[in-house]
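For reference, the chains in residue letters:
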Amino acid sequence: MPELEQEETTTAAGTDDTTSSAPLTAREKRDLQRSQLRPLANRRPELYEEDEYTSDEYERMIDMYQGTMASIEEGEIVKAKVMEIRENLVVLDIGFKSEGTVALEEFKDMPDLKAGDEVEVLLEHLEDQEGSVVLSKKKADFMRVWEKIRLAYENDEPVEGTLVKKIKGGVVVDLMGVDAFLPGSQIALRRVPNIDELLGQKYEFKIIKLNKRRRNIVVSRRVILEQERAGKREKLMKELQKDQVRKGVVKNITDFGAFIDLGGVDGLLHITDMSWGRISHPSEMVQIGQELEVKVLDIDWERERISLGLKQLQAYPWKDVAGRYPVGTRVTGKVVSITNYGAFIELEPGIEGLVHISEMSWTRNVRHPSKLVSIGETIEAVVLKVDPDEEKISLGMKQTEQDPWMVLPLKYPVGTRISGKVRNLTSFGAFVEIEPGIDGLIHISDMSWTKRVQHPSEVVKKGDTVDVVILNIDADNKRISLGLKQAEEDPWLRIGETYPVGTELRGHVVRLMDKGVVVDVGNDIEGFVPVSQLAPGQTVADPVEVSYEGMILDMRVLEVDPIHRRIVLSVTDIPADQPPRPETPPEIHSMDASMASQYGVDETEQES
């Protein structure tokens with residue numbers, strides 16, 4: 001049929017020309033096809049059986065066929081009738097030559113689905129490889145929802161969604177069954193510390209980005225909150241004033257305070273303005289969601305900062321504090337803070353007193369308050385001083401007990417002999433504990449009757465238990481003088497009999513002086529050899545010339561003076577067998593007037 005082919009070609013060309021000029025809608029395509037088929041049917045009657053159909057009947061048949069096809073277009077949402085529900089499939093009829101099936105799983109939102117129900121599905125393809133219609137309810141639902149989302153986006157309208165799960169950078173939001181992305185920065189006006197607490201919550205969102213091809217939807221809750229805040233802020237700016245008392249709801253809690261929602265605008269209730277008392281964390285005073293009254297302390301609209309106070313609604317605790325805690329009153333409180341210099345005791349919320357480290361014990365040398373008290377411990381103390389202007393109360397712990405120093409003179413009269421442990425050594429003496437926390441001092445001059453002690457370590461060691469005699473007790477200044485040598489009989493009473501003048505003896509040099517040498521003659525007795533007696537028959541200007549520490553000398557007693565406690569000696573011989581001379585230069589000790597008197601060196605000899 002060459003003629004028919006030629007007309008069909010012409011018709012097709014005309015269609016292409018029309019299409020090339022401008023894209024046609026589905027309805028325009030259907031109208032064009034109908035206009036092209038009718039003339040063809042009228043001009044070519046041989047194309048159909050005249051005995052079977054008249055021209056009018058064929059025209060009506062064409063119209064019916066075209067009407068049916070006009071409602072069935074690939075990519076469109078069509079109505080379908082449920083024919084049958086199988087184990088995992090739903091059979092649907094869309095009025096085409098073949099039926100289609102859809103997975104039963106796509107109808108999970110329609111649990112009461114039954115045969116005869118009418119549903120909407122997406123016509124993906126009129127025929128697949130097996131000649132069946134390809135349908136999808138899930139995609140139809142998506143297209144319906146997407147249309148709503150598109151309209152909301154274009155009209156800048158909010159949409160409701162549910163926060164589903166936390167992902168990197170934000171949260172997945174369910175918008176009518178479609179997943180959208182909520183960036184972390186768009187969740188709220190401030191950073192949300194725990195996003196997991198928001199999951200499952202429903203909120204309104206604004207769509208800020210839409211890409212249908214990638215099915216990418218980005219939403220923001222912050223935009224809506226900012227709009228709400230702007231409106232409420234404008235209203236609050238007219239109403240809010242300093243020193244107002246307003247109700248608010250605790251919105252968020254941090255280490256430094258709590259944010260209070262005053263009705264669209266947040267204010268900060270700092271931890272220092274929560275209570276007159278000491279608190280370690282804001283959660284001790286408030287909880288999220290709690291409604292409370294607060295006082296407006298300061299407003300800065302430019303920086304959008306509102307400072308709030310809670311304690312300012314309570315009575316000032318330091319008012320009339322001197323009347324409640326007069327000096328000398330015994331009080332009980334809890335240790336709330338410990339520093340190097342003392343411990344703070346809470347007497348009541350907002351009222352704290354300081355126990356200085358020096359007021360903790362009468363007897364103990366407290367190195368740090370934590371040695372005596374601990375946080376949370378309840379203690380007794382005595383009020384020593386009250387300063388309401390500076391908000392300070394001085395307390396004393398030791399004042400709750402009797403001062404043991406006041407009874408010491410009665411307990412240990414002068415001359416009492418006691419035992420004690422050497423606790424510490426200094427250059428001028430040794431401290432001995434006579435009672436727990438009470439030490440007395442043995443001065444270096446009271447350590448030996450016979451030796452001139454240069455350092456306490458020559459006589460005692462730390463930890464030694466020694467017998468001592470009470471020489472003096474100064475309770476006011478808390479000082480006790482002890483004597484070690486006084487616990488023994490004075491050997492000088494018998495030294496004159498033991499070492500009469502002319503006695504020959506041997507000893508060794510223990511100390512070089514500028515005017516002689518000190519020698520040990522045994523039995524803890526020291527004597528002195530003047531420089532003029534170091535080498536009889538020779539003139540010696542310096543003891544270093546003829547002697548050194550440790551050198552052995554044979555000597556004769558020249559003088560014994562028990563009253564001045566001295567023995568003066570003269571060298572008679574220097575034994576041949578001597579210890580080696582020390583390699584280090586000797587230390588020469590200067591002799592003061594008292595030493596010169598003790599060792600019998602007169603002024604003339606001292607000057608010479």
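For the structure, see preceding data.
Conventions we followed
- Residues numbered from 1 in each chain as written.
- Predicted model: local features only at pLDDT ≥ 70, side-chain atom pairs only at ≥ 80, totals over all residues.
- Heavy atoms only, no water.
- Helix = DSSP H or I, 4+ residues; strand = E, 2+ residues; numbered from the N terminus.
- Polar contact = N/O pair within 3.5 Å; in protein donor to acceptor, adjacent residues only side chain to side chain.
- Contact = heavy atoms within 4.5 Å.
- Patch = residues over 30% accessible without salt bridge, like charges linked within 9 Å, V, L, I, M, F, W, Y side chains within 5 Å.
- Areas by Shrake-Rupley, 256 points an atom, 1.4 Å probe, with all protein chains shown as cover.
- Salt bridge = Lys/Arg side-chain N within 4 Å of Asp/Glu carboxyl O.
- Lys, Arg positive; Asp, Glu negative; His and termini not counted.
- Charge placed at Lys NZ, Arg CZ, Asp CG, Glu CD.
- Buried < 20%, exposed > 50% of the residue type's maximum accessible area, 1.4 Å probe, protein only.
- Pairing = 2+ DSSP bridges.

## Overview of the side chain of lysine 206
Here comes step 1: If you trace the backbone, lysine 206 turns up in strand E9 (residues 202-211).
Here comes step 2: A distance of 3.5 Å separates polar atoms of two side chains, one belonging to lysine 206 and the other to aspartate 156.
Here comes step 3: Non-local contacts of lysine 206, meaning those with residues more than four positions away in its chain, are made with Asp156, Glu157, Pro158, Val218, Val219, Ser220, Val223, Ile224 and Gln227.

## Observations regarding a positive patch on the surface
Here comes step 1: Side chains of Lys108, Lys138, Lys212 and Arg215 sit close together on the surface and give a patch of like positive charge.
Here comes step 2: Relative to the helices and strands, arginine 215 is located in the loop between E9 and strand E10 (216-220).
Here comes step 3: Here arginine 215 falls in the partly exposed class, since its relative accessible area comes to 48%.

## With respect to the pairing of strand E7 (residues 170-175)
Here comes step 1: Burial analysis of E7 places 5 of its 6 residues in the buried class, the great majority of the element.
Here comes step 2: In terms of strand pairing, strand E6 (residues 159-167) meets E7 through 5 bridges, oriented antiparallel. Residue pairing for E7: lysine 165 is matched across the bridge by valine 172.
Here comes step 3: The loop that links E6 with its antiparallel partner E7 comprises 2 residues; one of these, glycine 169, has a positive phi angle of about 90°.
Here comes step 4: In textbook terms, the turn of a hairpin is the stretch between consecutive antiparallel strands, and for E7 and strand E8 (residues 178-183) this stretch comprises 2 residues, one of which, methionine 176, has a positive phi near 55°.

## Section: the environment of aspartate 577
Here comes step 1: Summarising the element assignment, aspartate 577 is placed in the loop between strand E30 (566-573) and strand E31 (588-589).
Here comes step 2: For the pair aspartate 577 and isoleucine 552, spaced 25 residues apart in sequence, the C-alpha to C-alpha distance is 8.3 Å.

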